[in-house]
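Reading the structure
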Amino acid sequence: ESENSKYFRNILSDFKPGEEPLTPAAREIFSQHTQPGVIGPSLICLPDGVPHADLLPEPFKIVQTPRETLMLYEVETIFRQIFTDGRKFPTDPAPAWLGYSIGKWEGDTLVVDTQGFNNLSWLDAGGHGHSEDMRVQERFHRKDFGHMEVTVTVTDPKTFTKPVTINFVERLLPDTDVFE
């Protein structure tokens, strides 16, 4: 579970206002998403995308098997498969809310690369969008028993003028269940 981090509301909160690395097209999408009366996809029960699903203040569960790692999100009762069996990305993955994820271990850090997104999810609750060309790399490192450091880099040349990296810490909730 992550506490309601600053990135939950604004993935670009590390940048000064007006200095966000947005392309003109991304500024227009953000402007459209922040018009009065516009409701974000998650508020009408559509799935969250990556990395927003990791930033939600609701719990999720990670289940590791030899060939894949599963992320079970309490919000919207959605799941994500991270294939760790050495496969390559499909040549033309069907665009999806959570994309297509392939993971590998680098020492004690799980590195997950994801592509194949649709362009319907928001990166944050504030309305920053993305294109279908977005690629996301997540690095999950358990720093101690109760805390996991997460580093996320979003690369999307149609949205950002440079890759955007955020860092946050997830907190372990032992002996709990994920509910629908």
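Structure first, text after, so check above.
Below: a short report on this structure. (Residues numbered from 1 in each chain as written. Predicted model: local features only at pLDDT ≥ 70, side-chain atom pairs only at ≥ 80, totals over all residues. Heavy atoms only, no water.)

**As for the sheet that holds strand β6 (residues 135-144)**
The strand order across the open sheet formed by eight strands is β1-β2-β3-β4-β5-β6-β7-β8, and the pairing between neighbours is mixed. If you trace the sheet from one side to the other, it starts and ends with β1 (60-64) and β8 (164-171), each paired once. Adjacent strand axes in the sheet meet at a mean angle of 25° when their direction is disregarded. The pairing of β6 with strand β7 (residues 147-155) spans nine bridges and is antiparallel. Each residue of the ladder has a partner; that of Arg142, found in β7, is Met148. (Pairing = 2+ DSSP bridges. Helix = DSSP H or I, 4+ residues; strand = E, 2+ residues; numbered from the N terminus. Axes fitted to C-alpha atoms, helices over the stretch in contact; angles between N-to-C directions.)

**Some thoughts on the environment of Asp124**
By the secondary structure assignment, Asp124 is in the loop between β5 (109-115) and β6. Judged by relative accessible area, Asp124 falls into the buried class, the value being 1%. Spatially, the C-alpha atom of Asp124 lies 9.2 Å from that of Asp48, the residues being 76 residues apart in sequence. A distance of 3.1 Å separates a polar side-chain atom of Asp124 from the backbone nitrogen of Gly126. Only 2.7 Å separates the side chain of Asp124 from the side chain of His128, close enough to count as a polar contact. (Buried < 20%, exposed > 50% of the residue type's maximum accessible area, 1.4 Å probe, protein only. Polar contact = N/O pair within 3.5 Å; in protein donor to acceptor, adjacent residues only side chain to side chain.)

**Digging into the packing of aromatic side chains**
Within this structure, the stated rule accounts for three aromatic pairs. With a centroid separation of 5.4 Å and 45° between ring planes, the pair formed by Phe60 and Tyr73 is classed as tilted. Here the residue Phe60 occupies a position in strand β1, and Tyr73 occupies one in strand β2 (residues 68-73), the gap between them amounting to 13 residues. You'll find Phe60 and Tyr73 in the same group, each marked buried. Three or more aromatic residues joined by ring pairs make a cluster, and in this case those are Phe83, Phe89 and Tyr100. One residue, Arg135, lies across the ring of Phe89, its end atom 5.6 Å from the ring centre. (Phe/Tyr/Trp six-rings, centres within 6.5 Å; stacked < 30°, edge-to-face > 60°. Lys NZ or Arg CZ within 6 Å of the ring centre and 35° of its normal.)

Spatial relationships are all this shows, so hold off on functional conclusions.
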